[in-house]
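Below, each chain spelled out in residue letters.
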Amino acid sequence: MHELSIALSLIDVATEESDRRGGAAVLAVHLRLGPLAGVVREALLSAFQLAREDTHLAETELVIEDVPLLAFCPICQQERTIASVQELCCPVCDTPCGDVLQGRELEILALEIVEAETDDRTVASNQDCQKLQSDIFLEP
Ligand SMILES: [Zn+2]
């Protein structure tokens, strides 16, 4: 199951970041998800709940931010927000738009972390999480 392997990778990254910060609690993993990422949002959320069980991230939430599907319309010569993943047509002139600009995203936006020593809440940006990028986000 594709979503479960992604969820496990998310847990791995969060665990590693937590360990790197001396066992800091990870409150939430923020993820950007595009409609063309090939991941079912609901399936990923339930897979994440499974994956976090029996780890020290059992309280960690997965927060998914939906990324709108954008494509370039060759007729309008403009970026358009595409309503249907199935059709990929310009909402204005109905021309098929093959040139997808955005919508394949599957990336960690941030990890919400409470530092073990200071109790300060910090947010690790995805630059801090390169491992995840290379582990799962280069999948076709
Ligand atoms: Zn158009």
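This section reports on the structure supplied with the text. (Residues numbered from 1 in each chain as written. Predicted model: local features only at pLDDT ≥ 70, side-chain atom pairs only at ≥ 80, totals over all residues.)

A short note on the overall build of the protein chain
What counts here: Numbering of helices and strands runs from the N terminus, with a helix taken as a DSSP run of H or I at least four residues long and a strand as a DSSP run of E at least two residues long. Partly exposed residues are those whose C-beta has more than 12 but fewer than 20 other C-beta atoms within 10 Å; 20 or more makes a residue buried and 12 or fewer makes it exposed, with C-beta atoms placed from the backbone. Two residues qualify as a contact pair if the distance between their C-beta atoms, derived from the backbone, is within 7 Å.
Counting its regular elements, the protein chain contains 3 helices and 7 strands. For the protein chain, the N- to C-terminal ordering of α and β elements is α-β-α-β-β-β-β-β-β-α. Within the protein chain, the fraction of its 140 residues that count as buried is 28%. Partitioning the intrachain contacts of the protein chain with sequence separation of at least 6 by distance along the chain shows that 66% fall at a separation of at least 24.

Describing helix α1 (residues 2-20)
Spelled out, the test is: By definition here, a helix of n residues has an expected span of 1.5 Å times n minus one. The directions from the helix axis to the C-beta atoms form the arc being described.
For α1, with 19 residues, the first-to-last C-alpha span of 27 Å sits near the 27 Å given by 1.5 Å per residue. All of the buried residues along α1 are Glu-3, Ile-6, Ala-7, Leu-10, Ile-11, Val-13, Ala-14, Glu-17 and Ser-18. Buried positions in α1, seen along its axis, are confined to an arc of 160° and lie on one side of it. α1 presents Asp-19 and Arg-20 as exposed residues on the side facing more than 90 degrees away from its buried surface.

Overview of helix α2 (residues 41-52)
For α2, spanning 12 residues, the distance from its first C-alpha to its last is 16 Å, which sits close to the expected 16 Å at 1.5 Å a residue. Taken together, the buried positions of α2 are Leu-44, Ala-47, Phe-48, Ala-51 and Arg-52. What you see down the axis of α2 is that its buried residues fit within an arc of 125°, all on one side. On its buried face, α2 is in contact with α1 and β2 (61-66).

What about the sheet that holds strand β4 (residues 78-81)?
Put simply, the test is: Strand pairing requires that DSSP identify at least two bridges connecting the strands. To define axes, lines are fitted to C-alpha atoms, for helices over the stretch in contact only, and angles between the resulting N-to-C directions are given on a 0 to 180 degree scale.
Across the sheet, which stays open at both edges, the 3 strands sit in the order β4-β3-β5 with antiparallel pairing between neighbours. Two strands close off the open sheet at either side, each with one partner strand: β4 and β5 (99-102). The average undirected angle you get between the axes of adjacent strands in this sheet is 40°. Relative to β5, strand β3 (residues 70-73) runs antiparallel, the two sharing 3 bridges. Note on β5: the bridge partner recorded for Phe-72 is Asp-99.

Quick word on the environment of Pro-91
Along the chain, the position of Pro-91 falls in the loop between β4 and β5. We classify Pro-91 as partly exposed; it has 14 C-beta atoms within 10 Å. Sequence spacing of Pro-91 and Cys-73 is 18 residues, and the spatial spacing of their C-alpha atoms is 9.4 Å. Excluding anything up to four places from it in sequence, Pro-91 contacts Arg-80, Thr-81 and Ala-83.

Remarks on the environment of Ala-58
Tracing the backbone through its elements, the reader meets Ala-58 in the loop between α2 and β2. Residue Ala-58 is classed as exposed on the basis of its 9 C-beta neighbours within 10 Å. Taking the C-alpha atoms as reference points, Ala-58 and Val-26, separated by 32 residues in sequence, lie 9.5 Å from one another. Those residues within four positions of Ala-58 in sequence are excluded, and the remaining contacts are Arg-52 and Glu-53.

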